[in-house]
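Single-letter residue listing:
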Amino acid sequence: MALSLFTSLPSVNSMDWKLEKPRHPLPRTFHRTRMNLRVTACSVNLKKSHEESKRRSANYQPTTWSSDFLQSLRNDYADNIYRDKAMELEEEVRCMMNSGDMEMLTILEMIDDIQRLGLGHRYEKDLKRKLDRISSSEQRKFQAEKSLHATALCFRLLRQHGYEWADLCKAFLQEAKWSSNSITPSFEEYLENAWRSVSGTVILIHAYFLLGGNVSKQALDYLVNYDELLRWPSIIFRLCNDLATSSVKIERGETANSISCYMYETGASEAEARKHVEKLIQKAWRNMNKYQMDSETPFARRFVAAAINLARIAECTYQHGDGHGAPDSRSRNRISSLIIEPISFH
């Protein structure tokens, strides 16, 4: 009797059970068993669905610059005496910053000094409070009276803290929309957004002010409108990155990169798409070389050199693969020799 009951059960692999009344009376415990099996099967399906909906992993290798490595570096200034003195000085600077007697230009210069010393994280609330005031309508009188130096400094600080970072945020948001909706944009649409999202323009705008020298209104206008000197190295930066990382991105299903967009739009093979991207990189370099010879540019030669160096470091970083996200021994040795290991004079 027991054998005949079990042989009449549906196959476990079918997963197509219904809770209809059985043809023959069965014990109550048997009904509970069937319901438990079905709940288990549903749980398995839900777990599988949840795992499939997780964000795709890039499977980057563990970072070389781990917490253990940083902790192993010697710190001769961790003594309580230094710590107490640092806290005392920090509070003194905070009181100066919150004083109502300081001129606006002096405040801007103090904020700049704090950031250059790498101490901005200790004054986040204070900095935001001051920059909110500077960006508000209450400062219109100051805006009219300040010098070119103050204009440039105010422009850089506000932009650095996100008060003027609209284009970059829009570029990031556009990429997020493409990714979440599995949309493959046209090649031109992708590139027009990508040279902004790669952050090359932000790097160069900061470099312009950090390099010092004379600041002109014409140069500031060129920066605000993203002059070609900002655009071409950013294009090289983005396309070099895509050449090094596109294969991995394609494998994990990402659609918004120059290789995928060109293949989707033209029906070209991956090899053909790579050749097209390499030609665009060469074209960008030719335009930059022409710009370097332009005597009418409002930018100083040191800033032109910085823009060219941004493109060069992009080529170097992605020359043999993803030297940023998945660095090999060659990339790690370059960083180590540049930053970690001291220069020997012997």
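The rules behind each value
Residues numbered from 1 in each chain as written. Predicted model: local features only at pLDDT ≥ 70, side-chain atom pairs only at ≥ 80, totals over all residues. Heavy atoms only, no water. Helix = DSSP H or I, 4+ residues; strand = E, 2+ residues; numbered from the N terminus. Contact = heavy atoms within 4.5 Å. Areas by Shrake-Rupley, 256 points an atom, 1.4 Å probe, with all protein chains shown as cover. Buried < 20%, exposed > 50% of the residue type's maximum accessible area, 1.4 Å probe, protein only. Lys, Arg positive; Asp, Glu negative; His and termini not counted. Salt bridge = Lys/Arg side-chain N within 4 Å of Asp/Glu carboxyl O. Polar contact = N/O pair within 3.5 Å; in protein donor to acceptor, adjacent residues only side chain to side chain. Phe/Tyr/Trp six-rings, centres within 6.5 Å; stacked < 30°, edge-to-face > 60°. Core = buried A, V, L, I, M, F, W, Y, C linked by side-chain atoms within 4.5 Å. Arc of directions from axis to C-beta. Axes fitted to C-alpha atoms, helices over the stretch in contact; angles between N-to-C directions. Parallel < 35°, antiparallel > 145°, perpendicular 65-115°, else oblique. Left-handed = near helix turned anticlockwise from the far one by under 90°. Nonpolar A, V, L, I, M, F, W, Y, C, P; charged D, E, K, R; others polar. pLDDT = per-residue confidence, 0-100. Patch = residues over 30% accessible without salt bridge, like charges linked within 9 Å, V, L, I, M, F, W, Y side chains within 5 Å.

J.: Help me understand the overall build of the protein in this model?
T.: Across its full length, the protein carries 17 helices and zero strands. Nonlocal contacts in the protein, meaning residues at least 24 apart in sequence, comprise 66% of its contacts between residues at least 6 apart. In the form shown here, the protein has an accessible surface area of approximately 23400 Å², with 53% of it arising from carbon and sulfur atoms.

J.: Can you walk me through the side chain of K130 in this structure?
T.: Along the polypeptide, K130 turns up in helix α6 (residues 124–135). For the buried residue K130, which engages in no salt bridge, the nearest side chain bearing the opposite charge is D126, 8.6 Å off. Engagement of the side chain of K130 in a polar contact is seen with the backbone oxygen of M97, the distance being 3.2 Å. Beyond its immediate sequence surroundings of up to four residues, K130 is in contact with M97, N98, S99, I107 and I111.

J.: For this particular structure, what's the right way to read the packing of aromatic side chains?
T.: For any pair of aromatic rings, geometry is given as the distance between the ring centres together with the angle between the planes. Applying the stated criterion across every chain, the model contains seven aromatic pairs. Consider the rings of Y208 and F209, whose centres lie 5.1 Å apart with planes at 85 degrees: the pair is edge-to-face. For the pair Y208 and F209, one class covers both residues: buried. On the basis of an interplanar angle of 50 degrees and a centroid distance of 4.9 Å, the ring pair of F299 and F303 is categorised as tilted. Of the two residues examined, F299 and F303, each falls in the buried class.

J.: What should I look at first to understand the pattern of salt bridges in this one?
T.: Oppositely charged side chains may form a pair once their charged atoms are brought near each other. Scanning all chains against the criterion turns up twelve salt bridges. Between R116 and D112 there is a salt bridge, and its shortest N-O distance comes to 3.0 Å. Of the two residues, R116 and D112 are both situated in helix α5 (residues 104–116); the distance of four residues between them amounts to about one turn of the helix. For D112, a relative accessible area of 9% corresponds to the buried category. Among the ionic contacts, a cluster of salt bridges with common partners joins E90, E91, R94, R122, D126 and R129.

J.: Mind showing me how you'd approach the nonpolar core here?
T.: In summary, soluble globular proteins display a tendency toward joint burial of nonpolar side chains. Among the nonpolar cores identified, the biggest contains 45 residues, and Y208, F209, L223, F299 and F303 are the most heavily contacted of them. For this core, the secondary-structure elements that each account for two or more residues are α8 (148–160), α10 (187–197), α11 (200–210), α12 (217–224), α13 (228–251), α14 (258–266), α15 (270–292) and α16 (301–317). No other element matches α13, which puts nine residues into this core. With near-sequence residues (within four places) excluded, F209 lies in contact with R116, A152, F155, R156, L220 and L223.

J.: Mind showing me how you'd approach unusual backbone geometry here?
T.: One can expect most non-glycine residues to show negative phi and most peptide bonds to be in trans. Positioned with a positive phi, S182 is a non-glycine residue whose angle comes to about 55 degrees. As for its position among the elements, S182 is in the loop between α9 (166–180) and α10. One non-glycine residue, Y226, adopts positive backbone phi at about 55 degrees. Note that Y226 resides in the loop between α12 and α13. Taking relative accessible area as the criterion, Y226 reaches 15% and is therefore assigned buried.

J.: Which parts of the structure should I look at to understand the environment of N309?
T.: Along the polypeptide, N309 turns up in helix α16. Polar side-chain contacts of N309 include one of 2.9 Å to the side chain of R312.

J.: What exactly am I supposed to notice about α12 here?
T.: For an α-helix the count is 3.6 residues per turn, leaving residues at separations of three or four pointing the same way. Burial in α12 covers these residues: A219, L220 and L223. Down the axis of α12, the buried set is contained in an arc of 100 degrees. They therefore lie on one face.

J.: Would you take a moment to explain the packing of α11 against α12 for this structure?
T.: Working note: a packed helix pair is described by the angle between its axes plus the distance between those axes. Two numbers describe how α11 lies on α12: the axes approach to 11 Å, and their chain directions differ by 165 degrees. The angle between the axes of α11 and α12 places the two elements in the roughly antiparallel class. With respect to the hand of their crossing, α11 and α12 are arranged in left-handed fashion. Contacts between α11 and α12 involve I205, Y208 and F209 on the former and, on the latter, A219, L220 and L223. Split by residue class, the contact of α11 with α12 holds six nonpolar, no polar and no charged.

J.: How should I be thinking about the confidence of the model for the protein in this particular structure?
T.: Per-chain confidence: the protein averages 77 in pLDDT, with 73% of residues scoring 70 or above. The weakest mean pLDDT in the protein belongs to helix α1 (residues 2–7) at 41; the strongest belongs to α10 at 94. This stretch, residues 1–24, has a pLDDT under 50; its non-local contacts, to residues over four places away or in other chains, come to 14 contacts.

J.: Hey, could you run me through the side chain of S234 in this one?
T.: Here S234 lies in helix α13. In contact with S234, not counting residues within four places along its chain, are W195, V198, G200 and T201.

J.: Explain a nonpolar patch on the surface here, please?
T.: Taken together, the side chains of W65, I335, L338, I339 and I340 define a hydrophobic patch exposed on the protein surface, amounting to about 480 Å² of accessible area. Residue classification places W65 among the partly exposed positions, given a relative accessible area of 33%.

J.: Explain α11 to me, please; I cannot follow it from the model alone.
T.: Of all the eleven residues making up α11, nine are buried; the element is thus mostly covered by neighbouring parts of the structure. Residues of α11 that are buried: G200, T201, V202, L204, I205, H206, A207, Y208 and F209. Immediately beyond the C-terminal end of α11, within one or two residues, lies G212, with a positive phi of roughly 75 degrees.

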